[in-house]
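Architecture and fold: a report
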Amino acid sequence: MAWSYGRTWWHLCLSLLLCVFICQAPGVNLLPGEKINYNLVHSWADKLGMELFHLGDFITRRKEVQESFKEAKVVSRNGASIVDSMAKEIEMMMDLKVSAVRRIMDTAENTALSHQNDMADKMFSYYNAKEMLEPNDPIPPIPTPAPDMDKDIGEPLIYVQPKVLELTPRPEFHNTAVNFSVSSVHVPVNVFDRASDVIKAIQWSENLDQIFRDNYKNDPTLSWQFFGSSTGFMRQFPASKWKKDVPVDLYDCRLRSWYMEAATSPKDIVILMDGSGSMLGQRLDIAKHVVNTILDTLGTNDFVNIFTFDKEVNSVVGCFEDTLIQANLGNIRELKEGIESFKPKLIANYTAALTRAFEILEETKSSSRGAQCNQAIMIIGDGAPENNRAVFELHNWRDPPYKPVRVFTYLIGKEVANWDDIRWMACENQGYYVHLSDTAEVREMVLNYIPVMARPLVLGRHDHPVIWTQVYADIEDTKLSDYLWDIKQCEEQKADVLEYWQVQDRMLHPKEMARRAYRRTKESWNQPVDSNVYQFMTTVSMPIYDRRENATRIANILGVAGTDVPINEIKKLLSPFMLGVNGYAFIVTNNGYVLFHPDFRPIFQGYILKPAYNSVDMIEVELLDDDRPPRDFNPVLMTIRDSIINQSTGSKWMLVKNHFDEMKRVARIKRQYYWTAIKNTPFTLVISYPEQYGVSRMDIRAEQEIHRINIKGTNIRSFFDGKRWKIHPDWLFCKHSNRTFRTPETELMFFLERMSEPGWHWPASRSAMPPEHAAAMFCDRQLMQALVFDARVTEWFSKNTSFNSKDDKGNEFKQRFGVTVAFLATHSGLTRWHEFHSNMPEEPGVGETFSQHNKRAIDEIWYKRAVDQHFIREESFVYSVPFDAGESNSEILVTASHAIFHNEGGKSAPAAVVGFQFQHSALYKLFHNITGNACAVDDKDCYILDNNGYVIISSRQHETGRFFGEVNGAIMKRLVEEKVYKRVIVYDYQAVCFDSKNDNNASNTLLSPLYHVMRLGKWLLHTALWYIVQLVHWTPGVSAYSEMYLDMNGTEPEPEHDDNSQVKNTAWLRYLTLHRTRLKSCDMQRELYTLYNEKDNVVYNMTAHACERPFVVLPIPFSNLILLVIDQLCPRDPNLVLTVNPQKINYHFAVNESLACYKHAREFNRVRPQSCISRHANESGIKLCGRSCSIYANLTLILLCHILSRWL
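In its Subcellular location (unreviewed entry) section, the UniProt record describing the protein chain reads: "Membrane".

As enumerated under the stated definition, the model contains 56 salt bridges in all. Across the pair R170 and E172 runs a salt bridge, and its minimum N-O distance is 2.6 Å. Under the relative-accessibility criterion, R170 is labelled partly exposed at 24%. For the salt bridge of E340 with R1078, the shortest nitrogen-to-oxygen distance reads 3.3 Å. Of this pair, E340 sits in helix α9 (residues 329-340) while R1078 sits in strand β38 (residues 1077-1091); the two residues are 738 residues apart in sequence, bridging distant segments of the chain. Note on E340: relative accessible area 14%, which makes it buried. By sharing partners, the salt bridges in this structure join D252, R254, R443 and E444 into a single network.

Further remarks concern the packing of helix α16 (residues 480-503) against helix α17 (residues 510-524). Their axes nearest at 13 Å, the elements α16 and α17 cross at an angle of 155°. On the basis of the axis angle, α16 is roughly antiparallel to α17. Relative to α17, the crossing made by α16 is right-handed. From α16, K488, E492, A495, D496 and E499 reach across to α17, where they touch E512, R516, R520 and E523. Its residues assigned to classes, the contact of α16 with α17 comprises 1 nonpolar, no polar and 8 charged.

Structurally, the position occupied by L926 is in helix α28 (residues 920-931). For L926, a relative accessible area of 6% corresponds to the buried category. Separated by 109 residues in sequence, L926 and F817 place their C-alpha atoms 8.1 Å apart. Sequence-distant contacts of L926, that is, excluding residues within four places in its chain, are made with L48, E51, L52, R816 and F817.

Sheet architecture is open: 5 strands sit in the order β20-β19-β25-β24-β23, paired in antiparallel fashion. The open sheet terminates on both sides in strands that have one partner only, identified here as β20 (594-596) and β23 (650-660). When strand polarity is set aside, the average angle formed by the axes of neighbouring strands in this sheet is 35°. Contacts from helix α4 (residues 79-114) reach β19 (584-588), β24 (665-677) and β25 (684-690), with the element oriented near 145° to β25.

Turning next to the sheet that holds strand β32 (residues 878-880). Spatially, the 6 strands line up as an open sheet ordered β27-β31-β30-β34-β33-β32, and their pairing is antiparallel. The open sheet has two edge strands, β27 (725-727) and β32, and neither has a second partner. Going across the sheet, the axis of each strand differs from the next one's by a mean of 20°, ignoring polarity. Relative to strand β33 (residues 893-904), β32 runs antiparallel, the two being bridged by 3 bridges. Its bridge partner being in β33, V878 is matched across the sheet by S897. This element, helix α24 (residues 781-793), spans β27, β30 (819-826) and β31 (830-835) of the sheet and lies at about 20° to β31.

Reading guide: rules and limits
Residues numbered from 1 in each chain as written. Predicted model: local features only at pLDDT ≥ 70, side-chain atom pairs only at ≥ 80, totals over all residues. Heavy atoms only, no water. UniProt positions renumbered as here; feature names shortened; annotations may be inferred. Salt bridge = Lys/Arg side-chain N within 4 Å of Asp/Glu carboxyl O. Buried < 20%, exposed > 50% of the residue type's maximum accessible area, 1.4 Å probe, protein only. Helix = DSSP H or I, 4+ residues; strand = E, 2+ residues; numbered from the N terminus. Axes fitted to C-alpha atoms, helices over the stretch in contact; angles between N-to-C directions. Parallel < 35°, antiparallel > 145°, perpendicular 65-115°, else oblique. Left-handed = near helix turned anticlockwise from the far one by under 90°. Contact = heavy atoms within 4.5 Å. Nonpolar A, V, L, I, M, F, W, Y, C, P; charged D, E, K, R; others polar. Pairing = 2+ DSSP bridges.

In structure tokens, the structure reads:
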């Protein structure tokens, strides 16, 4: 028995020993997750946090920086006072622009009156913006032989040699070459500049050059000044050449919002399009072109709808039925798409169509919707069977002689027998009749309705409404977005074809196809807020009336005068310094749209304007943190919006979600809002700043002011010695109206020198009225005082005396961490830095590279994040790496930043941010040294993540900078469930989607001259691609390269003979065929993430437990980072991916419904413009009401045709 017990004990010991060996064997894990030692991971996090903090503490000298600001004081920020002061500055500036335009208007009316008897000189030479030459340009040869007659206009062609003018690039005009002595003239392609009325207007308007020059002398901040003539040309000052960046010049000033809104009061328009079977072929093309041109003349203060009529009357967009919609870019685009698919069917019922139109206009007026001013019906057809007098008597002739609705008729077709009735409709209803037989004349004929709508304005004479436009881009035509998108698609197809002939079927691998699709989709997410591709602006304009005595018979409008006001110039008046970090200002129009906003993103893919870029509502960019579904806007926000558009004064705080850093990070903060009206404009100014740290700001004491420093004999320029400093390039520190400077720093030094001279005084306003402009100089006193103070107390920072070669600790840090640069940015816009690669004090290098991309001080991402982090962990640094940094082959730099706050009297305000950059490889090495080989084995993965879930450190370098949910979605989901991260949904109401484009409809071929160019370009490109493919396939060198690429062994793969070979041979063709899409506005959402801020979060005390919880997560002290250690042996779902990429919001639209319909059903309040002039008692005496198709037709021939049509 003893032996038996001994044998049993021996077996038991052997089994236990075997278990121990198995458990210790590499790669074996009986209880996964329990191998992660919580205490060990905790020690890693603590040690890493302390190492990084000591590094940052020493490199940035943050305590010394904080000590430097002890002389400053902290004062309360008065939001109401700030917004009122800014609004007055903008009001003063805008009053100056209005005064300049008013002078142009007065001069134009008087000049036209004094030159009314001048004869038109068809050989008159002027500065044609598209033809004029510079001194060194070759003179074009005289065209020979000259044709005897231009068949289109019925007059001999005239050649006048282009004038020569010297042009000089000027930065205030975005480096456009200009001449301030004269103006230049732009003539649209559809206007003949030698026609009598056109050349005569060009002649007398040349006298406007003097008032242009005087205006610029009085206000050197003026941008482009111009006179847009009703004949079609535009005179612009200063003179410049017209840009030729597009194949066809589509610009016509009469189609621009500043012209249309000044020439006519707001209008409600119903467009009726004949749907009878006779409206086919060219007639249909012309009719659609007419409709599209009418739509192009409308603005955001106008309302419109389109109905087609045969036996029934139907809206071209179903959801817009029985109502008028605002004519913003999004709705206009929807209407154009609706009319594009229209096809005529049956006999047209004019009576039903007119009755429906009148009913809609009457209901709109009675319900106080729409424009509530001018009303009109536009009829497009090939003839009416009767004049429908009874309908007009019932609806439009109730209060003679006043007729509330004008009727404009467009007769389509060359051979039209019955035109009397359709002409009668226009003439008896204060409208205009046009007969069209060719698409080339459509634009000029359609624009005839503008002078008719302007008659009440002209007859009144004395009232010149001041019009401010919605924001717009300085491009020639909005159709360019579609053109650029088509070109982009063709370029992508070309790249696909060329790549296919290099890699062949590898390109069709599902992973490769997915990668390519993702890369191109990612390009569409590129929505820069700041871009130099376009200059965004608003324009102020006024109508110019013909004051000749005989002009009252026709009430002629001469044109419109205006000047541009660049949005960037308005922003310079906003004193962002006064709003502080994460504070901002924006302007809202009477329609609720933003004129500018920090989240206004009008461009995608870096250079293409979005389809509805300038109709972004303020509630679509101010996102409340209320977890409501998309487009379910908070009533509190709606109430604030109503107060703003009504130009009230008020304030309110709200909890909001602020996204930033390419819309990949989000902060949830409480913000304070203040707003007030900008008087004499339709604009309201709104400012906002964070309540947590925005209620107080830094200020200087009286003894630290510049003039007192000068009295003491200190040279303030000495505070800006060396080259290791920059100032915010977009802030207005000082300006000189008559001088330009190479850099903002050069300009600053010029003014610092002037401040040291006797007699210096501070102008009271940025937009001082004359004669203040005689001084030609302005400085922001409060900003300059703060800047000089910051420069004085931080002068020591850029000097490398603390990091010389004898400093062992400094050398140790440089070698261990690869520190490249340390930097300091202050609340006054000053940025200083010093490099660690060299001891030469003035040698440019890494610091210069840093300063080129990081000179915007409080507007830099690292500055904003550091200030936010201060209230989470005061003694901490914020660490970040570029997004997707691991995909690049270059050295990755880690940026670390820390906020410096100054405290006084119980108040605290951010004074500066310090930081440094160091090599990512050094951080990885440090992490590896701390963790040993524990994270290098196959059964564990270690990650360092930032507060938004992006990978800072991973054992796989290509994951650096990626969102962790895309790396390991299962664990990220657990981190959200355990409240390590919080998911924050951010809606993007400015997104762009790509719908399939149907090219089968031929009606769009004549909608624009640009279309023909696009089709020709497309054919040429496709033809060229085919020949390129053939050349690539047959050229020996390229073919050999392709074969080498496909088969590294140099052997050609055997041809396949199976039944699927034909399918495989055509698969590439199907993949590479261009699936054309069209741009479409849409809504998207992003799921972003942010760390819970609880310092004692219980999840950080939880240990790993087998595969139920196969990870340990801990905060890294003194940072915005967490350490995550995962047991890789536990199974996980590889298909579970969490992404921060945008996803289209599915609203579950009904059939044929769109986002425009969805928004229309939930439209917001708006305020109508104050000016409305829609009637005049003398208008009934004007009998001019129509013309036939040719502008230059002989009057005798017209009368003869009329007689013949009556008697034959």
